[in-house]
Amino acid sequence: MKQPNHQKKRKSTFRFRTFSPKQMKVMTWWRDGSPFADYDGIIADGAIRSGKTLSMSISFVMWACERFNGASFAICGKTVTSLRRNVITPLMGMLPALSCQFEEKHSESMMTIRLGQHVNDFYLFGGKDEGSQALIQGITLAGVFFDEVALMPESFVNQATARCSVEGAKWWFNCNPEGPFHWFKRQWIDRADERRLLYLHFVMTDNKTLSERTLEKYRNMYTGVFAQRFIEGKWAFADGVIYSMFSQEEHVADTADFVPERELIAVDYGTFNPCVFLHILAAGKGDGIAHFIDREYYHSGRDTAGSVGIPKDDGQRAEGYPHHR
Ligand SMILES: Nc1ncnc2c1ncn2[C@@H]1O[C@H](COP(=O)(O)OP(=O)(O)OP(=O)(O)O)[C@@H](O)[C@H]1O
Ligand SMILES: [Mg+2]
């Protein structure tokens with residue numbers, strides 16, 4: 001491995017301010033004596049500007065450099081361009097203050113960081129960049145840091161986490177919330193305990209550098225679902241969702257063992273408006289009743305006939321009905 005150029009004495013260009021207790025938790029969870037030291041990773045989600053990226057990028061580099069020597073790590077963003085802007089450039093301003101020396105190889109999208117006698121490589125990936133999945137496939141990693149993970153394709157994250165085969169490897173995730181059924185919420189946050197991941201939820205006041213005036217400005221910037229997600233940090237439904245009481249846990253079940261007792265056809269008849277037939281299987285009585293939608297016919301006359309054309313007649317609808325699942 002090439003050594004970083006130590007001749008260049010870089011000065012820290014970043015002014016650190018007081019870290020909040022939550023930021024301190026992000027900075028220290030992996031250290032000896034922490035109850036979470038043997039966890040396999042950390043997730044920090046929540047409000048915008050709440051101090052997630054800053055604390056996690058410092059902690060990730062310190063963990064990597066203190067625990068490993070000669071290892072490879074991945075730092076991932078939505079794109080390499082956004083990653084450089086949001087994470088790498090601020091990080092380079094902080095590294096000298098953390099006693100780290102570094103060398104960036106822009107053309108290779110990687111940087112080498114030295115702390116004392118330890119030298120490690122950090123490769124930059126964009127989850128949405130074409131080719132990033134292919135690039136990450138062959139590499140062996142001791143850790144991955146995903147900034148804004150909810151904006152990346154699930155397949156990329158699965159690929160990257162699977163590369164962490166080095167003993168003691170850890171995963172580091174942060175993001176703002178999306179919808180409640182987003183793959184990251186369901187696969188990682190809801191399963192954080194089972195996956196042995198420390199889960200921390202950030203609100204804006206976890207960033208002690210934001211003044212009351214700035215907090216107020218952000219609070220006034222968003223309304224509706226964006227206020228819920230970006231300010232309150234909740235995994236909230238998009239506006240316009242009709243069945244907001246729908247719950248994956250309560251309303252979705254495996255049909256393998258289901259024995260239907262009755263069949264129903266529900267109809268919302270339309271000519272130009274959408275026409276929907278649902279074939280429903282039901283079992284049970286009273287509160288214990290279960291309905292399963294087995295087959296669906298959907299046709300919008302407006303889509304095919306246009307506003308002055310002829311919609312489908314009943315015979316044509318019957319032909320379009322799916323007789324087999
Ligand atoms: N302890 C600190 N000292 C100095 N600046 C800080 C500190 N904590 C946070 N900041 C600054 O506050 C701003 C927001 O922090 P950060 O980018 O970490 O938030 P975030 O939660 O990742 O936000 P987003 O969800 O919008 O990406 C950044 O400009 C960051 O440098
Ligand atoms: Mg961030």
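Reading the values: the criteria
- Residues numbered from 1 in each chain as written.
- Chains lettered and ligands numbered in written order.
- Predicted model: local features only at pLDDT ≥ 70, side-chain atom pairs only at ≥ 80, totals over all residues.
- Near = placed C-beta within 6 Å.
- Helix = DSSP H or I, 4+ residues; strand = E, 2+ residues; numbered from the N terminus.
- Nonpolar A, V, L, I, M, F, W, Y, C, P; charged D, E, K, R; others polar.
- Buried ≥ 20, exposed ≤ 12 C-beta atoms within 10 Å, placed from the backbone.
- Pairing = 2+ DSSP bridges.
- Axes fitted to C-alpha atoms, helices over the stretch in contact; angles between N-to-C directions.

Engineer: Please clarify how the site of ligand 1 should be interpreted in this entry.
Structural biologist: By nearness alone, 15 residues border ligand 1, and Arg 17, Ile 48, Lys 52, Thr 53 and Leu 54 come closest of all. For the shell around ligand 1, the element with the most residues is helix α2 (residues 52-67), which contributes three residues. Tallied by class, residues from the shell around ligand 1 come to six nonpolar, six polar and three charged.

Engineer: What am I meant to see in the environment of Tyr 269 here?
Structural biologist: Tracing the sequence through the fold places Tyr 269 in the loop between β9 (262-268) and β10 (274-283). Tyr 269 gets classed as exposed once you count the C-beta atoms within 10 Å, which come to 11. Considering only alpha carbons, one finds Tyr 269 and His 299, 30 residues apart in sequence, at a separation of 9.9 Å.

Engineer: Just to check I follow, could you spell out the sheet that holds β9 for this structure?
Structural biologist: Whether parallel or antiparallel, the strands of a sheet pair through hydrogen bonds between backbone atoms. Sheet architecture is open: three strands sit in the order β9-β10-β11, paired in antiparallel fashion. Of all the strands in the sheet, just β9 and β11 (290-300) have a single pairing partner and so form its edges. Across the sheet, the mean angle from the axis of one strand to that of its neighbour is 15 degrees, orientation sign disregarded. Where β10 and β11 come together, 10 bridges link them in antiparallel fashion. The residue bridging Pro 274 from the neighbouring strand is Ser 300, located in β11.

Engineer: Can you walk me through the pairing of strand β3 (residues 101-105) in this structure?
Structural biologist: As a general feature of sheets, a regular strand has side chains that alternate between the two faces. Pairing analysis gives five bridges linking β3 to strand β4 (residues 110-115), with the strands arranged antiparallel. Pairing of Glu 103 across the sheet is with Thr 112, part of β4. The turn linking β3 back onto β4 is made up of four residues, and Ser 109 within it adopts a positive phi angle of 50 degrees.

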